[in-house]
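# A look at the structure
Single-letter residue listing:
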Amino acid sequence: MNRIVIIGNLTRDPELRQINTGASVCSFSVAVNRKFPNSDGSRNVDYFNVSAWRQLGENCHKFLKKGRKVAVSGELQVRQYDDKDGVKRTAVDINADEVEFLSPRGAEEGADMSDSGPTDGGMAPVADDNLPF
């Protein structure tokens, strides 16, 4: 079974393109913090290239921006290529089956959050006098 799930933040705005068959593909990169700090106390970061195809890719291009948090589920694809100097390189990409947008709508810097609904999960504060215990 070839399955990977990551949660992280986009490192750049998604790019949408059409391949010669007419299918659309959206490419973006996700930075994922490692769970445990290294010896100097900082956390290493892994960067994953993600490809989302057709309608999923179009939605990613439309709604995602650099810095937004996403959950990506898909399969790893390993490919080899020769770079411009003729050196063999290996790239590992994620072909996304699912992309869940985790940042609230309007979360980019400077955005007006007034119409994005409650930021506390829909909970309203309750005064101590109103508690039944």
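These notes cover the structure that comes with them. (Residues numbered from 1 in each chain as written. Predicted model: local features only at pLDDT ≥ 70, side-chain atom pairs only at ≥ 80, totals over all residues. Heavy atoms only, no water.)

## Focus: the overall build of the protein
Within the protein, the regular secondary structure consists of one helix and six strands. Mapped from its N terminus to its C terminus, the protein presents α and β elements in the order β-β-β-β-α-β-β. Sorting the 133 residues of the protein into buried and exposed places 27% on the buried side. Of the roughly 9800 Å² of accessible surface on the protein, a fraction of 49% belongs to carbon and sulfur atoms. (Helix = DSSP H or I, 4+ residues; strand = E, 2+ residues; numbered from the N terminus. Buried < 20%, exposed > 50% of the residue type's maximum accessible area, 1.4 Å probe, protein only. Areas by Shrake-Rupley, 256 points an atom, 1.4 Å probe, with all protein chains shown as cover.)

## Here's the deal with the layout of surface pockets
Left-over empty space is what a probe sized like a water molecule reveals as it rolls over the atoms. Roughly 170 Å³ of volume is contained in the largest pocket. R17, S27, S51, R79 and D93 are the residues nearest the centre of the largest pocket, which is lined by 13 residues in total. Mapped by element, the contributors of at least two residues to the lining of the largest pocket are β3 (24-33), β4 (45-53), β5 (69-82) and β6 (88-101). The leading source of residues in the lining of the largest pocket is β4, at four residues. Residue composition of the lining of the largest pocket, by class: four nonpolar, five polar and four charged. (1 Å grid on protein atoms, 1.4 Å probe; cavity = no way out; pocket = protein on both sides within 12 Å on 5 of 7 lines; lining within 4 Å. Points joined across faces, edges and corners; volume = space filled by probe spheres on them. Nonpolar A, V, L, I, M, F, W, Y, C, P; charged D, E, K, R; others polar.)

## Some words on unusual backbone geometry
Phi at R54 is positive, roughly 55°, even though this residue is not glycine. For R54, the location among the structural elements is in helix α1 (residues 54-63). Taking relative accessible area as the criterion, R54 reaches 52% and is therefore assigned exposed.

## Quick look at the pattern of salt bridges
In total, this model carries seven salt bridges according to the counting rule given. Note that D97 and R3 form a salt bridge whose closest N and O atoms lie 2.5 Å from each other. Of this pair, D97 sits in strand β6 while R3 sits in the segment before β1 (4-10), placing them 94 residues apart in sequence. Overall, the relative accessible area of 45% leaves D97 in the partly exposed class. With a shortest N-O distance of 3.7 Å, D82 and K88 are connected by a salt bridge. (Salt bridge = Lys/Arg side-chain N within 4 Å of Asp/Glu carboxyl O.)

## Digging into a nonpolar patch on the surface
Together, L76, V78 and V92 make up an exposed nonpolar region whose accessible area comes to about 240 Å². Summarising the element assignment, L76 is placed in strand β5. (Patch = residues over 30% accessible without salt bridge, like charges linked within 9 Å, V, L, I, M, F, W, Y side chains within 5 Å.)

## A short note on the environment of Y47
Structurally, Y47 is set in strand β4. As for Y47 and A31, which are separated by 16 residues in sequence, their C-alpha atoms are 4.6 Å apart. Contacts of Y47, omitting those with residues within four sequence positions, involve T11, S29, V30 and A31. (Contact = heavy atoms within 4.5 Å.)

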